[in-house]
Amino acid sequence: MLMLEERKQIVAYGKLLKSSGLTNGTSGNLSILNKEKGLIAISPSGICYDLVKPEDVVIINRNGKVIDGYCKPSSELDLHASIYKTKSGAGSIVHTHSMYCTVFASLNIPLRAVHYLIANTGSDNVPVAGYEPYGSKELAAKVSGLMAKNQAVLMANHGMICSGGSIEEAINIAQTCEWVAELQWRCLCIGKPDVLSSEQINIVLEKFKSYGQNDADDTGPKGYSA
Ligand SMILES: [Zn+2]
């Protein structure tokens, strides 16, 4: 079976998306790029994460054309393919309708640096891409434009999407975004949060390079767990 390892990861991390509360039912989707083959393993459309098997995962090329698999791929395959084209470091993409991110996406309010952990996204904010219908090429164009400079983006009246060098990193960023979104919401309930400056976040980004087991010279995934 083509890209069996990536198919297994899509199954395992899809279950994690659901069990960690980042998604429910069949909403959201995830993909992994195999750079050597130039092919993408993407979750199938409309199958509950608990029921997806490796053979249900669909393999597409960088243009979104189905190469292997009998299921229909995620309705957001253009979105995933467009981001891999514009973001050279992306090895995996995770898209969710997680509640607190979707609240801010629906208010058209970016996530701000209410906590230093937003640096896990590589930036001091998570911007909002304007609304376009799900599965549309217009949505793919708007989101991939913003993703060129960000690892995470909110999608107006829809949800959030993020990329990582690996599926582990992408899931970690999705979890961080949801946590920061909930914190921002809670702060706004009782006052005006003190937002950290981009200079303060840049210092955090430097510190992340040597956090935990990371090498000080490692410029790859930050690997900071929220
Ligand atoms: Zn969606």
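Our subject is the structure that appears above.
Reference entry: report on the structure contained in this document. In this text the structure is predicted, and so the values were computed from the model without any measurement. (Residues numbered from 1 in each chain as written. Predicted model: local features only at pLDDT ≥ 70, side-chain atom pairs only at ≥ 80, totals over all residues. Heavy atoms only, no water.)

Residues Val 58 and Ile 60 line one face of strand β3 (residues 58–61) and the alternating positions Ile 59 and Asn 61 line the opposite face, and both faces are buried. With four bridges joining them, strand β2 (residues 39–42) and β3 adopt antiparallel strand pairing. Within β3, the residue paired with Leu 39 across the bridge is Asn 61. Bridge count between β3 and strand β4 (residues 66–68): two bridges; the pairing is antiparallel. (Buried < 20%, exposed > 50% of the residue type's maximum accessible area, 1.4 Å probe, protein only. Helix = DSSP H or I, 4+ residues; strand = E, 2+ residues; numbered from the N terminus. Pairing = 2+ DSSP bridges.)

Our next topic: the pattern of salt bridges. Pairing is possible between side chains of opposite charge, provided their charged atoms come close. In the structure shown here, the tally under the stated rule is seven salt bridges. The partner of Glu 182 in a salt bridge is Arg 186, and the shortest N-O contact between them spans 2.9 Å. Of the two residues, Glu 182 and Arg 186 both sit in helix α5 (residues 167–190), four residues apart, roughly one turn of that helix. Of the charged contacts, one joins Lys 209 and Glu 206 as a salt bridge, the two residues approaching to 3.0 Å between their closest N and O atoms. (Salt bridge = Lys/Arg side-chain N within 4 Å of Asp/Glu carboxyl O.)

Quick look at the coordination of the zinc ion now. Looking at the metal site, the zinc ion is ligated by His 95 (NE2), His 97 (NE2) and His 158 (NE2), spaced 2.1 Å from it. Of note, the zinc ion draws all its donor residues from one chain, in the sequence arrangement H-x1-H-x60-H. (Donors = N, O, S within 2.8 Å, 3.2 Å for Na, K, Ca; no water.)

Let's shift gears to the sheet that holds strand β5 (residues 92–96). Read across the open sheet, the eight strands follow the order β4-β3-β2-β1-β5-β8-β7-β6; overall the sheet is mixed. The open sheet has two edge strands with one neighbour each: β4 and β6 (128–129). Two elements, β5 and strand β8 (residues 159–164), share five bridges in a ladder whose sense is antiparallel. Each bridged residue has a counterpart across the sheet, and for Val 94 the counterpart in β8 is Cys 162. Strands in contact with helix α1 (residues 4–19) are β1 (29–34), β2, β3, β4 and β5; relative to β1, the strand with the most contacts, it is inclined by about 150 degrees. Contacts from helix α4 (residues 137–147) reach β6, β7 (152–155) and β8 within the one sheet, and its direction differs from that of β7 by about 145 degrees. (Contact = heavy atoms within 4.5 Å. Axes fitted to C-alpha atoms, helices over the stretch in contact; angles between N-to-C directions.)

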